[in-house]
Amino acid sequence: MSANAEFLELIGPELGLLLPELDEKARRLTLGAVARAAGDGGIGAVARLAGASWQTVADGAAELASGQVAPAGRVRRPGAGRRKLAETDPGLLPALLALVEDSSRGDPESPLMWTTKSVKHLSDELAAQGHACSPQTAWRLLRGQGFSTQANAKVTEGRRHPDRDAQFRYIAAQAKEHLAAGQPVISVDAKKKEQAGQYARAGREWRPGGDPVRVRDHSFADRDGGHAIPYGVYDVGANTGFVNVGTDGNTAALAVESVRRWWQLMGKDAYPDAERLLVTCDAGGSNGWRNRGWKAGLAELAQETGLQITVCHFPPGTSKWNKIEHRLFSQITLGWRGRPLTSYDVIINTISAVTTRTGLTVTAVLDDSPCPTGTQISDEQMKDIEDRLLTRHEFHGEWNYALLPVPRPAPEPGPAPVPARRCGQDTLNQPALTGMDPADLTALAAALEIPFRARREQRRYLRQGRARQRAEGASGGGSNRKLDLTGHVLALRLRQHLNLPGHVIGALLGADKTTISHATSLTQTLLAALPASQHPPAAPPPGHRLRTLDDLRDYAAGHGIIIPALNEAETPPHDTLTTRATPQTHLNLERLQDSNDAPSLPLPPRAERRVQVTGRAGEVHGAGGEAVTGTSRRRGHGRARALFGAGRPGPGPVARDGLDSPRMFRGARILRTIRPCRTIGLTSLTGLRPH
């Protein structure tokens, strides 16, 4: 029995119209249905009629007969074709992820650590490890695991200031208040310096095919070439921009001149009744909060315009939040993409042509006035500005301040303050300086009182060889002690929290840096012996590098702490005999010179030798190296005899007041108090002339 030829003759033209519009599954099933309708031999006849494969027609007829048609959304039934490499090679996917993740973590042993992670490099490395994998398969596997090619994201802002968000809110409140009162609010900043000339620019523009703009193949500046520094002023309320293109240096003079030109060309017409002006800017550069020229220039501008100019700086590292960055500068960058800035006219015209759908318009002018670097504002000028023209806000006065249009009367000169010898402990016991709560530091000093006194009594016993005969303080002693226990703890915390040098801490506490070194070492030892439960919590160091007293004052002023003017710390004496007058020095000189009244005695030869008084207390070295150490009255007296040759017979009256007298013994005791290391003559010590 053959296929129905009449049926096939009728259906053939219709199949020719229908099959091109069907997908693989619908075409296969349609051909199978027609073959079944044509009867025996219909599979071959339909295949010849449609120009399809016999197997395709047979598969379609078999699917219809069995009812196992491919599910919706699939062209073929599951299980057909070659199995995926990830299934046949279970180690392929882990090896691929190991390559990508190791290079992401920075493992130096990763083979792709220092090369690009392209799918070609990944597939080559997998093949070297024994995993057959094409670049397309590597790409498909990575996409299936959620990987994608990504650029760097500029989101890490570095160290965050603790009042970062509070300053943002303060700036927003100031801007809202000025705008509500109809006062101008501007955002200012300097854009990156650009070279003027036939230099390449990033970006692309439409041009005839094969005809790009030809520029230099290098970016080195020509000796005769110029540069442009676009300093922008963005009016927040009016949504207008002004760009002053400088040709010299990016200094405070350019920043102030740009604000001045904006006011003269645009601001005074847009705000005829303005009495105040709010300027928001970043914390560094030509308009930084430390820049004296910026403040001095704005002070002059405030007097010229009659405006009270309020300045609010964004915290360090947050300049990208300044509105001028994403409202004006980003549009300028888009405006000159792919266009060489061949001249200043091109720069000015390109900036002036910038517009946006939100209504932004920009005005640009060229400023060829000199703006030299290195201009200095003296301390006297700055003090006058601070006293008469500048008013700092209560919240972060270093970031928020106002320049007055009318100077305040100059304050009457008062008596010069007398510098204090030391800073008060209440002033230094602040969390910003010590990293601890003031009450915790006081409690810590109280906890160290007993071990501190016990250690002091122990050292005193070892030094004198006997216990204390009188109660502590009964004889009025100890008045020359410059550091109490609270001072010890303060010195240690200032060293640990702010890493202050010893001479700065000594100036604060009125002590020598050597005393500070001993105090910090002793306190640290006592703290180490204290149980951990008694250690109060301490804040981490702020990371500031403070090396001078002025650095400390600036840091403390930022936290509302005023460090008073202090006398210079006492410097170590060059020679005890030439040190500034002290009671101990007067006593030493008096005892040493008493022997001038005594008759001269013949001395043995070795008494004529020069002696060296060392810095170790209680030792006097002769030229031959022998030492005399007086730890008691009898021992000191006896060794003084050995050194000076005393005890020989002589005239009675002279012997009682000579080298063998108690006065000579007192001279030997005095020798032990001389600290500096210096070789001096015997005559300078005793007042006796050797024979």
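Refer to the structure printed above.
The model shown is predicted, which means the values in this text are computed figures rather than measured ones.

**Some points on the overall build of the protein chain**
- In terms of helices and strands, the protein chain carries 27 helices and 13 strands.
- For the protein chain, with 691 residues in total, the buried portion stands at 37%.
- When contacts within the protein chain are restricted to residue pairs at least 6 apart in sequence, long-range pairs at least 24 apart make up 70% of them.
- Just so you have it, the protein chain exposes about 40500 Å², and 52% of that area is on carbon and sulfur atoms.

**Examining the pairing of strand S6 (residues 308–313)**
- Extensive coverage of S6 is indicated by the burial of five of its six residues.
- Summarising the sheet, strand S5 (residues 276–281) and S6 pair through six bridges and their orientation is parallel. Opposite Arg276, over in S6, you have Gln308 as the bridge partner.
- In this fold, S5 hands off to helix H11 (residues 292–305), which returns the chain to S6; that crossover is right-handed.
- Bridge count between S6 and strand S9 (residues 400–403): four bridges; the pairing is antiparallel.

**Things to note about the packing of aromatic side chains**
- In the structure shown here, the tally under the stated rule is three aromatic pairs.
- When the centroid spacing of 5.3 Å and the interplanar angle of 35 degrees are considered together, the rings of Tyr170 and Phe395 count as tilted. Residue Tyr170 is located in helix H9 (residues 164–180), and its partner Phe395 is located in the loop between strand S8 (390–392) and S9; the two are separated by 225 residues in the primary sequence.

**Quick notes on the side chain of Thr280**
- The residue Thr280 is located in strand S5 in this model.
- Judged by its relative accessible area of 6%, Thr280 is buried.
- For Thr280, the residues in contact, after removing those within four places along its chain, are Ile171, Ile186, Ser187, Val188, Cys312, Phe314 and Asn322.

**Quick notes on the nonpolar core**
- Counting residues in each nonpolar core, the largest one holds 38 residues, and the members touching the most others are Val188, Trp294, Ile309 and Val311.
- The set of elements that each furnish at least two residues to this core consists of strand S1 (185–190), strand S3 (226–235), helix H10 (252–270), S5, H11, S6, helix H14 (379–388) and S9.
- Looking at this core, the element that brings in the most residues is H10, giving eight residues.
- Here Val188 is in contact with Tyr231, Gly232, Val233, Val259, Val279, Thr280, Cys281, Trp294, Asn322 and Ile324, once residues within four sequence places are set aside.
- Listed in part, the 37 residues of the second largest apolar core include Leu428, Leu492, Leu494 and Val504.

**Here we look at the pattern of salt bridges**
- The tally for this structure, following the rule as stated, stands at 15 salt bridges.
- For Glu87, the salt bridge identified is with Arg83, shortest N-O distance 3.5 Å.
- Residue Arg392 pairs with Glu386 through a salt bridge whose shortest N-O separation is 2.6 Å.
- Residue classification places Glu386 among the partly exposed residues on the basis of a relative accessible area of 26%.
- One network of salt bridges, with partners in common, ties together Glu257, Arg260, Arg261, Glu304 and Asp367.

**Concerning the pairing of strand S4 (residues 240–246)**
- Across the seven residues of S4, seven count as buried, placing the element largely inside the fold.
- Covered by surrounding structure in S4 are Thr240, Phe242, Asn244 and Gly246 together with Gly241, Val243 and Val245, the residues of both alternating faces.
- Two elements, S3 and S4, share seven bridges in a ladder whose sense is antiparallel. Bridged to Asp235 within S4 is Thr240.
- Here S3 folds back onto S4, and the loop between the two strands holds four residues, one of which, Asn239, carries a positive phi near 55 degrees.

**What to know about the side chain of Glu194**
- With respect to the secondary-structure elements, Glu194 resides in strand S2 (residues 194–196).
- Only 3.2 Å separates the side chain of Glu194 from the side chain of Lys192, close enough to count as a polar contact.
- In this view, Glu194 contacts Arg201, His227, Ala228, Trp336 and Leu341; residues no more than four positions away in its chain are not counted.

**Looking at helix H19 (residues 485–498)**
- Over its 14 residues, H19 extends 20 Å from the first C-alpha to the last, a length consistent with the 20 Å expected when each residue adds 1.5 Å.
- When you tally the buried positions in H19, you get 11 out of 14 residues, the bulk of the element.
- Regarding H19, the residues found buried are Leu485, Gly487, His488, Val489, Leu490, Ala491, Leu492, Arg493, Leu494, His497 and Leu498.
- Looking one or two residues beyond H19, the residue adopting positive phi is Asn499, at roughly 55 degrees.

**Focus: unusual backbone geometry**
- Phi is positive for Asn239, close to 55 degrees, though the residue is something other than glycine.
- Its location among the elements puts Asn239 in the loop between S3 and S4.
- With phi around 50 degrees, His396 is a residue other than glycine that occupies positive phi space.
- Considering the arrangement of structural elements, one finds His396 in the loop between S8 and S9.
- A residue is classified by how much of its surface remains accessible, and His396, at 10% relative accessible area, is buried.

What counts and what doesn't
- Residues numbered from 1 in each chain as written.
- Predicted model: local features only at pLDDT ≥ 70, side-chain atom pairs only at ≥ 80, totals over all residues.
- Heavy atoms only, no water.
- Helix = DSSP H or I, 4+ residues; strand = E, 2+ residues; numbered from the N terminus.
- Buried < 20%, exposed > 50% of the residue type's maximum accessible area, 1.4 Å probe, protein only.
- Contact = heavy atoms within 4.5 Å.
- Areas by Shrake-Rupley, 256 points an atom, 1.4 Å probe, with all protein chains shown as cover.
- Pairing = 2+ DSSP bridges.
- Right-handed = clockwise from strand over helix to strand, strands pointing away.
- Phe/Tyr/Trp six-rings, centres within 6.5 Å; stacked < 30°, edge-to-face > 60°.
- Core = buried A, V, L, I, M, F, W, Y, C linked by side-chain atoms within 4.5 Å.
- Salt bridge = Lys/Arg side-chain N within 4 Å of Asp/Glu carboxyl O.
- Polar contact = N/O pair within 3.5 Å; in protein donor to acceptor, adjacent residues only side chain to side chain.
- Expected span 1.5 Å × (residues − 1).

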